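If you want the building blocks of each chain, they are given just below.
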Amino acid sequence: MVELGVNVDHVATVRQARRTYEPDPVWAAVQCELAGADQITVHLREDRRHIQDRDVEVLVKTVQTRVNLEMAVSAPILRFALRVRPACACLVPEKRQEVTTEGGLDIVRGFARIKQVTGRLKARGIAVSHFIDADPKQIEAAAKAGADSVELHTGTYANARSERARAREFKKLASGGALATELGLRLHAGHGLNYLNVGPVAALPKMRELNIGHALVARAIFCGLPEAVREMKRLIDRAAP
Ligand code: PXP
């Protein structure tokens, strides 16, 4: 079974546009879970542009499935994660000026620090994933650094301008996924996935989890969050082997 992690960051984006209390990502998380989401994912960015500390704290206490905290490898965010203890953490690269996460984490370059942060999170009972490009060197480094899983960055696949480019990117995801599972890592994927492109990624052998945000929240504006989640679950279930 391929699980769906719903990223509710963009519910908070709408709230932060007016610095008010609605729409509440906690309320969104309840609706997602009732509609079949297997996990709630949030990215507590260092600039707090959408999700706030309070959101993660309340989500950890209320979510019935599990909370997956996307986090930069930074000391203050690590302290926060160790205190709040989400079920899972996904280490991601983060730049202040970016619109969204660009590219995967460079585990090879930041190996010592990433290994240390991974170890500290795991020692608190938090399952750790590394968000990386489907590059064999990065996958091997993630395994050596102690990750439980890798989340393969699907942004380049999702944004490919031609079918040829998309097929090329998909091949990288397929071979990266095979290497990751051979090394004993759980296989996850995410970024830029939507109702049109999710099928082949969900069908990759041993795929376990997809984290999807923008497409779901965008669709929810027109049909409501429960229907948006149910439709994505249907597509994943239909595609998954
Ligand atoms: N996975 C990771 C690691 C991410 O950083 C994001 C974006 O926050 C997502 C998944 C979800 O991406 P999208 O909003 O494009 O579905």
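Residues numbered from 1 in each chain as written. Predicted model: local features only at pLDDT ≥ 70, side-chain atom pairs only at ≥ 80, totals over all residues. Heavy atoms only, no water.

Q: So what's going on with the site of the ligand? Residues and values would help.
A: Taken together, 13 residues lie around the ligand, and Glu70, Glu151, Gly192, Gly213 and His214 are the ones closest in. Asn7 is positioned with one of its side-chain polar atoms (N or O) 3.3 Å from an oxygen atom of the ligand. The protein chains hide 94% of the 400 Å² of surface that the ligand would expose on its own. Within the shell around the ligand, the residues separate by chemical class into three nonpolar, seven polar and three charged. (Near = heavy atom within 4 Å. Polar contact = N/O pair within 3.5 Å; in protein donor to acceptor, adjacent residues only side chain to side chain. Areas by Shrake-Rupley, 256 points an atom, 1.4 Å probe, with all protein chains shown as cover. Nonpolar A, V, L, I, M, F, W, Y, C, P; charged D, E, K, R; others polar.)

Q: Summarise the packing of aromatic side chains; cite the residues concerned and give the values.
A: Across all of its chains, the model carries one aromatic pair by this definition. For the pair Tyr157 and Phe170, a centre-to-centre distance of 6.0 Å together with 45° between the ring planes defines the contact as tilted. One end of the pair, Tyr157, is in helix H7 (residues 155-158); the other, Phe170, is in helix H8 (residues 163-182), and 13 residues separate them in sequence. Since its relative accessible area comes to 4%, Tyr157 is described here as buried. Given the relative accessible area of 24%, Phe170 is considered partly exposed. (Phe/Tyr/Trp six-rings, centres within 6.5 Å; stacked < 30°, edge-to-face > 60°. Helix = DSSP H or I, 4+ residues; strand = E, 2+ residues; numbered from the N terminus. Buried < 20%, exposed > 50% of the residue type's maximum accessible area, 1.4 Å probe, protein only.)

Q: How would you summarise the pattern of salt bridges if you had to cite specific residues and measurements?
A: Counted under the stated rule, the structure contains 15 salt bridges. For the salt bridge of Arg15 with Asp55, the shortest nitrogen-to-oxygen distance reads 2.6 Å. Taken as a pair, Arg15 in helix H1 (residues 9-16) and Asp55 in helix H3 (residues 53-62) lie far apart in primary sequence, 40 residues in all. Both residues of the pair, Arg15 and Asp55, count as buried. Here Asp148 makes a salt bridge to Lys122, at a shortest N to O gap of 3.6 Å. Taken together, the residues span a long stretch of sequence, with Asp148 in the loop between helix H6 (136-144) and strand E6 (149-153) and Lys122 in helix H5 (residues 111-123) at a distance of 26 residues. Here the salt bridges do not stand alone but share partners, grouping Arg15, Asp24, Arg54 and Asp55 into one network. (Salt bridge = Lys/Arg side-chain N within 4 Å of Asp/Glu carboxyl O.)

Without other data, these values stay purely geometric and don't point to any function.
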